[in-house]
Amino acid sequence: MSSSPLFTRRAFLGTTALATAGCATLDKASAGYVDAHVHVWTPDTRRYPIPPTTHRKDMVIPSFTPEQLFAHSRPAGVRRTVLVQMSFYEFDNRYMLDCMHAHPGVFSGIGIVDETQPTLRETMRALGKEGVRGFRVYADREKVARWEHSDDMKKMWGHAADHGQAICLLADPEVLPAIHRMCQAYPKTRVVIDHFARIGMKGPIRQSDLERLRRLADFPHTHVKISAFYALGAKRPPYTDLGPMVHSLRDTYGAQRLMWASDSPYQVQPPHTYAASIALIRDRLAFLTADDKEWMLRRTAEKVFFT
């Protein structure tokens, strides 16, 4: 499938449902916390169609709009959010972009592009002008095995390095050695590993998996999202069983390269809550200093996705 960035600022101006949502630009001094990973989608499949490969039953809930997000995030003190393009829309980033335009200063974006398209660099550059600061890449074993011999992926990593955009990887622990080799080949590329590399999602938290993730700290531009608590370890609040993994990564990467994220709306499905997610970092881990929390809950995501 070929990709089109489909920038819709003109179309957005006529989208009254978004344009009237009403959220003023936030001053940095009062910005509060930053949630580094949220997906949004709308039930309006006429304006924002989903491809035939996606069915409504695949959606955990019918919609998760900015207004639905704010009902959870604002009471928790979160004032800015990094939107991650929802896989339902594949390479059509329009809904994410329109949400960003409707709420200036509130959202940054992580898009999805087709790295095989001939205009990849132009698409990445154009999305960057729209506030997209990173690109989600699905790093399953089969795809990662081809990366080192893929001119398309090399082009993507190289362009990201040149323009300060992040390669944001949804990866499992077994592919981390291949990601390590890519980081060696592209040491200037900003890399963000989503959801602890999903360590503890399919089984127990293994020290060998954690060591693979810790090795990526050798590269100063690599970051880790401390997120998706609902899916890892014991998979139940208050998530303190994830504390040792957070501690290990804090000691290895430093808090300056870790960022908290909720992974909503998945995190807000009962019995999980947004409040329980942020509370793990803000309130429950005694080894985190006030400075650690400032970086993990705001400044790291601010540095990577809002500057």
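Quick caveat, the model's predicted, so the values are computed rather than measured. (Residues numbered from 1 in each chain as written. Predicted model: local features only at pLDDT ≥ 70, side-chain atom pairs only at ≥ 80, totals over all residues. Heavy atoms only, no water.)

A. Region of interest: the pairing of strand 1 (residues 33-38). Most of strand 1 is tucked away, with five of its six residues classed as buried. Where strand 1 lies against strand 2 (residues 78-84), four bridges are found, and the strand directions are parallel. The residue bridging valine 34 from the neighbouring strand is arginine 80, located in strand 2. (Buried < 20%, exposed > 50% of the residue type's maximum accessible area, 1.4 Å probe, protein only. Helix = DSSP H or I, 4+ residues; strand = E, 2+ residues; numbered from the N terminus. Pairing = 2+ DSSP bridges.)

B. Spotlight on the nonpolar core. With 81 residues, the main nonpolar core has Ile179 and Ile281 as its most contacted residues. Isoleucine 179 has contacts with Ala139, Trp147, Leu169, Ala171, Ile193 and Leu216, leaving out every residue within four places of it along the chain. (Core = buried A, V, L, I, M, F, W, Y, C linked by side-chain atoms within 4.5 Å. Contact = heavy atoms within 4.5 Å.)

C. Spotlight on the environment of valine 191. Looking at the secondary structure, you find valine 191 in strand 6 (residues 190-193). Here the alpha-carbon distance between valine 191 and alanine 166, two residues 25 residues apart in the chain, equals 5.4 Å. Every residue in contact with valine 191, bar those within four places of it in the chain, is listed here: Trp157, Ile167, Leu169, Cys183, His221, Thr222 and His223.

D. Summary view of the pairing of strand 3 (residues 107-111). For strand 3, a buried count of five out of five residues is recorded, marking the element as mostly surrounded by other parts of the structure. Burial along strand 3 is two-sided: Phe107, Gly109 and Gly111 and Ser108 and Ile110, pointing in opposite directions, are all buried. When strand 2 meets strand 3, the two strands line up parallel, connected through four bridges. When the bridges of strand 3 are listed, valine 82 appears paired with serine 108. In this region the chain leaves strand 2, passes through helix 4 (residues 94-102) and returns to the parallel neighbour strand 3; the handedness of that crossover is right-handed. Judged from the three bridges that link them, strand 3 and strand 4 (residues 132-139) form a sheet pairing that is parallel. When the bridges of strand 4 are listed, glycine 111 appears paired with phenylalanine 135. Traced from strand 3 through helix 5 (residues 120-129) to strand 4, the parallel crossover comes out right-handed. (Right-handed = clockwise from strand over helix to strand, strands pointing away.)

E. Spatial organisation of the side chain of glutamine 85. Mapped onto the secondary structure, glutamine 85 falls in the loop between strand 2 and helix 4. With a relative accessible area of 1%, glutamine 85 lands in the buried category. There is a polar contact of 2.8 Å between the side chain of glutamine 85 and the backbone oxygen of aspartate 92. The residues touching glutamine 85, leaving out its near neighbours within four places in the chain, are His39, Glu90, Phe91, Asp92, Asn93, Met96, Ile110, Gly111 and Ile112. (Polar contact = N/O pair within 3.5 Å; in protein donor to acceptor, adjacent residues only side chain to side chain.)

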